[in-house]
Structures are given as C-alpha cells and as structure tokens.
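Now for the letters of each chain:
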Amino acid sequence: MNDVIDNPADCELKDFLGGTRFGSNEELKKTVNTWLNELAAEEYNTGILKLVNRYDKCLNDTAVTYNSVMFINKDDDKDEKDDDKDEKDDDKDEKDDDKDEKDDDKDEKDDDKDEKDDDKDEKDDDKDEKDDDKDEKDDDKDEKDDDKDEKDDDKDEKDDDKDEKDDDKDEKGDDKDEKDDDKDEKDDDKTRKTMKKDDDKDEKDDNKDDKEKDDDKDEKDDDKDEKDDDKDEKRR
C-alpha cells in the first residue's frame, strides 16, 4: 500500500479504509462493494479500474474483478461448496430415482389392484343389477299380494257388516222372544188365576149344594120326626 496514488478516488478509498479492521475477506469485499456502488459511474470509472488493479497486493494477491469484486480464494471455496452441493444433489437425485422406481412399482401394484377392484366392482354391479331385478319382481308380487289382501279385507269387512246386521236381527228376535215369553208368562199367570177362581167358585158351589142337600135332608128328617110325633100322639 506504499504505491503512489494518482487518482483522487484512490485517496478517498484509502481514507475510507484507513484504521478499519476486517474480520474476513468477505466482510472487506462487502464494504468495498458498498463504497464503489455509491460512487458516480461516469466520474470515477477510470479511477475505479486503476484502483482495482492497484489494490491487488493490498488484498493479499486476491484477484478482484470489476463487475463482482469477488476474491479468487472465495471462488475456490464456492466451487468446492458447489461441488459438494452437486455431489449431494447427485446423491439426492439417485435417492429420488430409487424412490421414483419404488413409487413406479407401487403405482404398478396399485394399478393391478385397481384393475382387480374394477373387475370386482363390475361383478358387484352385475350382482346388484340381478338383485334389483329380483327386488322388482318381489315388489310386483308384493303389490299383487297387497291387492289380494285389500280385496280380502273388503270381503271381510262386508262379511262383518252382514254378521253385524245378522246379530242385530238376532238381537231383535231375542228381544221379541223375550217379550213373547213375558206375555206367555203373564197369560199363564192370568190363566192360573182364572182357573183358581173357577176352582174356588166350583168349590163354593159344591159346598152350597152340599149344604142345600143337608138342609133338605134335615127338613125332611124334621118333617118325618114331626109326623112320627103326631102319630105317637094319636096313639096315645
């Protein structure tokens, strides 16, 4: 850094960097880039180009480019890191290829399984269709049975109505028979009472006749006794 500085920009950069300690070349590069980007391009273009060349030795012989101000040793580190990254990417790609191959195998198995499932679904659909046909026939049969049951119910209802009417008729007949029995019973009572009255009357009449006969007999006996008395009296 003892070279003669002709460009004013060199002095400005020296003043800018003077007394400053950097922990790494990367930090120095970043600081220089920032400073360079702040300069007017047209005014300092020539001085900047000279500055880059003059400060090669100050930056430990590290090559700095005008466009990127990147150090060669950092490029090597970057290339090494890029190589490591590429190697890792290759390993990752290989693993991805293995994974893809396994996925392809799995997809193939899944396709086989799907095909079998499709065959099974097709058979199930055929079975469902047959079941639907059977259900439809069963429904038709059930509908006919329902119609027959409905007709039987109507017939039973009519029979029940007829039986109910017959029951009403029988009930009325029973009521009439009951009334007739009551009337016959009353007639029997009346007949019994009449017969009893007739029997009582006949008995009274018989008693009366017997009494009259007894009275006549008594009268005749009295007459006979009187005659006998008269006769006895004449005899005396």
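So, here's what we can say about the structure.

Conventions and cut-offs
- Residues numbered from 1 in each chain as written.
- Predicted model: local features only at pLDDT ≥ 70, side-chain atom pairs only at ≥ 80, totals over all residues.
- Heavy atoms only, no water.
- Helix = DSSP H or I, 4+ residues; strand = E, 2+ residues; numbered from the N terminus.
- Buried < 20%, exposed > 50% of the residue type's maximum accessible area, 1.4 Å probe, protein only.
- Contact = heavy atoms within 4.5 Å.
- Areas by Shrake-Rupley, 256 points an atom, 1.4 Å probe, with all protein chains shown as cover.
- Expected span 1.5 Å × (residues − 1).
- Arc of directions from axis to C-beta.
- Salt bridge = Lys/Arg side-chain N within 4 Å of Asp/Glu carboxyl O.
- Core = buried A, V, L, I, M, F, W, Y, C linked by side-chain atoms within 4.5 Å.

Broken down by element type, the protein chain carries four helices and zero strands. Helices and strands appear in the protein chain in the N-to-C order α-α-α-α. Of all 236 residues assigned to the protein chain, the portion counted as buried reaches 10%. A separation threshold of at least 6 residues defines the contact pool for the protein chain, and within that pool the share at least 24 residues apart is 51%. Split by element, the accessible area of the protein chain, about 20900 Å² in all, is 42% carbon and sulfur.

Moving on to helix 2 (residues 25-37). Spanning 13 residues, helix 2 covers 18 Å between terminal C-alpha atoms, matching the ideal 18 Å at 1.5 Å per step. Within the span of helix 2, buried status applies to Leu28, Lys29, Val32, Asn33, Trp35 and Leu36. Along the long axis of helix 2, the arc covered by the buried residues comes to 165 degrees, so they all point the same way. Of the exposed residues in helix 2, those oriented more than 90 degrees away from the buried face are Lys30 and Asn37.

What follows covers the pattern of salt bridges. Two side chains carrying opposite charge are able to pair once their charged atoms lie near each other. This structure, assessed with the given rule, holds 19 salt bridges. Lysine 99 is the salt-bridge partner of aspartate 103, the closest N and O atoms lying 3.0 Å from each other. Residue aspartate 103 and its partner lysine 99 are located together in helix 4 (residues 72-235), separated by four residues, close to a single helical turn. Accessibility expressed as a relative area gives 28% for aspartate 103, which makes it partly exposed.

Attention now moves to the nonpolar core. The biggest cluster of nonpolar side chains holds six residues, and these are Leu13, Leu17, Leu28, Val32, Trp35 and Leu36. When residues of this core are traced back to their parent elements, those giving at least two are helix 1 (8-17) and helix 2. With four residues, helix 2 is the single largest residue contributor to this core.

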